[in-house]
Amino acid sequence: MAKNEVSADLRAQYEPVVGIEIHVQLNTRSKAYSSDPTEYGASPNTQTSPITLGHPGTLPMFNEGALKAAVKLGLAVGAQIREVNEFARKNYFYADLPKGYQITQDKTPICNGGFIEVKDDAGNPKRINLTRIHMEEDSGKSSHDIDPFNTLIDLNRAGVPLLEIVTEPDFRSGEEAYQYLTEMQRLVRYLDISDGNMEEGSLRCDVNISVRKVGDEKFGTRVEVKNMNSFRNVQKAIDYEVHRHIALIESGGKVTQQTFTFDAARGKTQLLRDKEDAHDYRYFNEPDLQPVIVSEDYVSGMKEQMPPLPKELFAKYREHGLSEYDASLLTDSKEIALYYEQIIEHSNNYKSAANWIMGSIKSWLNEKAAHISDFPLKAEQIAQLIALVDEGKVSNTAATGELFKALLAEPDKTAAQLAEEKNLIQESNTDELQGWVDAALAKYPDKVAEYKAGKKGLTGLFMGEVMKLSRGKADPKLASKLVQESLEK
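Since the model is a prediction, treat every value here as computed from it, not as a measurement.

(A) Molecular detail of the overall build of the protein chain. When its secondary structure is counted, the protein chain shows 16 helices and 17 strands. Its C-alpha atoms give the protein chain a radius of gyration of 30 Å, clearly above 23 Å, the size a compact globule of 489 residues would have. Once the C-alpha set of the protein chain is aligned to its principal axes, its extents read approximately 95 × 55 × 50 Å. Looking at the 489 residues of the protein chain, the share that counts as buried comes to 47%. Restricting to contacts in the protein chain with at least 6 residues of sequence separation, those with at least 24 account for 69%. When the accessible area of the protein chain is evaluated, it comes to approximately 25,100 Å², of which 48% is carbon and sulfur surface. In the protein chain, 59 side chains carry a positive charge and 75 a negative one; their mean positions are 3 Å apart.

Below you can see the structure in the form of structure tokens.
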């Protein structure tokens, strides 16, 4: 057995214990404590001011946008919102934070408690409990791979507002962690407080991992894994470290408290440094910022501004009779969910509306590499297409094919107008339909005999011929009924 590999039986004897800290970069137009802009991708060191640069005599100003984001997130996860919020200075040698300390919340986090729901490895609902959410500022960005001899520092990110979200050590697998991160990313996007792009650094996480024997109460020695660039890599890093810990313990070794990064190419963690004892950050109250008071009225006002959340929409769509799979796909993206909401304002055929979103519309978006905001048809027009099919005026094949293309080409017209122009209105005249049915049966007299001898699966052959003869205009339900009646004579 290779190093770090453990048998399934041995793995089952141990339980992972994992906690996650997420830093969410907020999408405010200015920084946490200054009016400096926060545009991503700007030229290095162009979004700074004397405040960001830590010049003597400069004073911070609190950004209410960060407060709104924190309250929204707290409400979304069911946390307790603190009334009196104080700020502290966290003193440390920050090469990329010129003033030499970070303004953060130490003992007065704005949010306490709350939870995110995931599914455990058996598929059962599980709560991941949150310890706290607090407001703070980001540091700048140090680049070590551009110049072979020097570290380059870009201070554009210094001072950008962050929310740090800390969980309890509730994760018991890498898959649970993956689900949690995916759900948190989706949540901040629904709330419109961050784009949550991990590759741009808008959402970053540190993972603390340990293992213990199943049934033990005491936690094992934990390690920290940092600087991962995808949720899937977080899952892989947890799974790798769990196996490494078990193999180390079973071979008589001891887990050492260390900090790692994850090498995605090799699928392994890589040591960054031995974990030092806890730093003395010398926290003390920020003297230049007054406490921020969050009143009950303020929280109530924010509740009224809250958008529909993914878990609420998911429950709503399940009540509408959609499968768990369909409801999950629809709520995966806020924009897709809102477009679906607009469709069902005009149609109560919830399943058909979901099929349009996940079928024809998503195919168009994928083909064009476009966003739903670029889709040229209004939700009401999709509802018109659904109505034409439900009323039996147009076949589903015609609606999702020729009529959909025609509507995309001429979005100023109604679906009904185009159905008339394209001669797509289904024929419901019984006499004309019976003529096509008789012609279809006359074409295959031997198959008719086989059907009457018990080969009932031939109905599809006759229906196909009816649709061919009618050029797709035959009402399928009525035509099918007439075929059955004719065959049973």
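(B) Just the side chain of E164, in detail. Considering the arrangement of structural elements, one finds E164 in strand β11 (residues 161–167). Here E164 occupies a buried position and makes no salt bridge, while the nearest side chain of opposite charge, K90, is found at 6.0 Å. Apart from the residues within four sequence positions on either side, E164 is in contact with E21, I22, H23, R132, I133, H134 and E136.

(C) Quick peek at the environment of V292. As for its placement among the helices and strands, V292 is situated in strand β17 (residues 292–293). For V292, a relative accessible area of 13% corresponds to the buried category. For the pair formed by V292 and I116, sequence separation is 176 residues and the distance between their alpha carbons is 27 Å. In this structure V292 touches F62, L67, E83, V84, N85 and F87, once residues within four positions along its chain are discounted.

(D) Geometry of unusual backbone geometry. Backbone geometry places N45, a non-glycine residue, at a positive phi of 60°. You can call N45 partly exposed: its relative accessible area is 36%. Even without being glycine, R282 reaches a positive phi, approximately 50°. Take R282: it is sitting in the loop between β15 (268–274) and β16 (284–285).

(E) Local environment of the pattern of salt bridges. With the rule as written, the count across this model stands at 24 salt bridges. Of the charged contacts, one joins K226 and D206 as a salt bridge, the two residues approaching to 3.1 Å between their closest N and O atoms. Of this pair, K226 sits in strand β13 (residues 223–226) while D206 sits in strand β12 (residues 203–213), and the two are 20 residues apart along the sequence. The same class applies to K226 and to D206, which are both buried. A salt bridge links E241 to R244, with the shortest nitrogen-to-oxygen separation between them at 2.8 Å. Of the two residues, E241 and R244 both sit in helix α4 (residues 231–250), 3 residues apart, roughly one turn of that helix. Accessibility classification places E241 together with R244 in one group, the buried group. Salt bridges sharing partners connect three or more residues here, namely E15, R172 and R212.

(F) Looking closely at the packing of aromatic side chains. Tallied over the entire structure, the rule returns 10 aromatic pairs. Taking the centre distance of 5.7 Å and the plane angle of 70° together, the rings of Y92 and Y281 count as edge-to-face. Placement of the pair is Y92 in the loop between β4 (88–91) and β5 (101–104) and Y281 in the loop between β15 and β16, with a sequence separation of 189 residues. Under the relative-accessibility criterion, Y92 is labelled partly exposed at 37%. Between F171 and Y180, the ring centres sit 5.2 Å apart and the planes meet at 65°, which makes this aromatic pair edge-to-face.

(G) Region of the structure containing the environment of L272. Inspection of the secondary structure assignment puts L272 in strand β15. Setting aside residues no more than four positions away along its own chain, L272 makes contact with N227, T259, F260 and T261.

(H) Representation of the pairing of β13 in the model. Residues V223 and V225 point to one face of β13 and E224 and K226 to the other, with burial holding for every one of them. Of the pairings in the sheet, the one linking β12 to β13 comprises 3 bridges and is antiparallel in character. When the bridges of β13 are listed, N208 appears paired with E224. Examined bridge by bridge, β13 and strand β14 (residues 258–263) share 3 bridges and lie parallel to one another. Paired with V225 across the two strands is F260, which belongs to β14. Each parallel crossover has a hand, and for β13 linked through α4 to β14 it is left-handed.

(I) Region of interest: the nonpolar core. Core analysis: the biggest nonpolar cluster contains 68 residues, and I20, I22, L73 and Y180 have the highest contact counts within it. Broken down by element, this core gets its largest block of residues, 9 residues, from helix α2 (residues 64–77). Of all hydrophobic cores here, the second largest spans 39 residues; its members include L330, I372, A399 and A415.

(J) Representation of helix α8 (residues 334–343) in the model. Of all the 10 residues making up α8, 7 are buried; the element is thus mostly covered by neighbouring parts of the structure. Taken together, the buried positions of α8 are occupied by K334, I336, A337, Y339, Y340, E341 and I343. The inward-facing, buried residues of α8 abut α3 (174–190), α6 (310–319), α7 (324–331), α9 (350–368) and α10 (379–390).

(K) Inspection of the sheet that holds β5 at higher detail. Ordered in space as β5-β4-β16, the 3 strands form an open sheet in which the pairing is antiparallel. A single partner strand is all that each edge strand has here, and the edge strands are β5 and β16. Relative to β5, β4 runs antiparallel, the two being bridged by 4 bridges. Its bridge partner lying in β5, R89 is registered against I103.

(L) Highlighting the packing of α10 against helix α11 (residues 396–409). Two elements in contact, α10 and α11, have axes whose closest approach is 10 Å; the angle formed by their N-to-C orientations is 145°. Note that α10 runs across α11; the crossing there is right-handed. Contact residues: Q381, I382, L385, L388 and V389 in α10; N396, A399, L403, F404 and L407 in α11. Tallied by class, residues from the contact of α10 with α11 come to 8 nonpolar, 2 polar and no charged.

Rules of the game
- Residues numbered from 1 in each chain as written.
- Predicted model: local features only at pLDDT ≥ 70, side-chain atom pairs only at ≥ 80, totals over all residues.
- Heavy atoms only, no water.
- Helix = DSSP H or I, 4+ residues; strand = E, 2+ residues; numbered from the N terminus.
- Rg over C-alpha atoms; globule rule 2.2 N^0.38 Å.
- Buried < 20%, exposed > 50% of the residue type's maximum accessible area, 1.4 Å probe, protein only.
- Contact = heavy atoms within 4.5 Å.
- Areas by Shrake-Rupley, 256 points an atom, 1.4 Å probe, with all protein chains shown as cover.
- Lys, Arg positive; Asp, Glu negative; His and termini not counted.
- Charge placed at Lys NZ, Arg CZ, Asp CG, Glu CD.
- Salt bridge = Lys/Arg side-chain N within 4 Å of Asp/Glu carboxyl O.
- Phe/Tyr/Trp six-rings, centres within 6.5 Å; stacked < 30°, edge-to-face > 60°.
- Pairing = 2+ DSSP bridges.
- Right-handed = clockwise from strand over helix to strand, strands pointing away.
- Core = buried A, V, L, I, M, F, W, Y, C linked by side-chain atoms within 4.5 Å.
- Axes fitted to C-alpha atoms, helices over the stretch in contact; angles between N-to-C directions.
- Left-handed = near helix turned anticlockwise from the far one by under 90°.
- Nonpolar A, V, L, I, M, F, W, Y, C, P; charged D, E, K, R; others polar.

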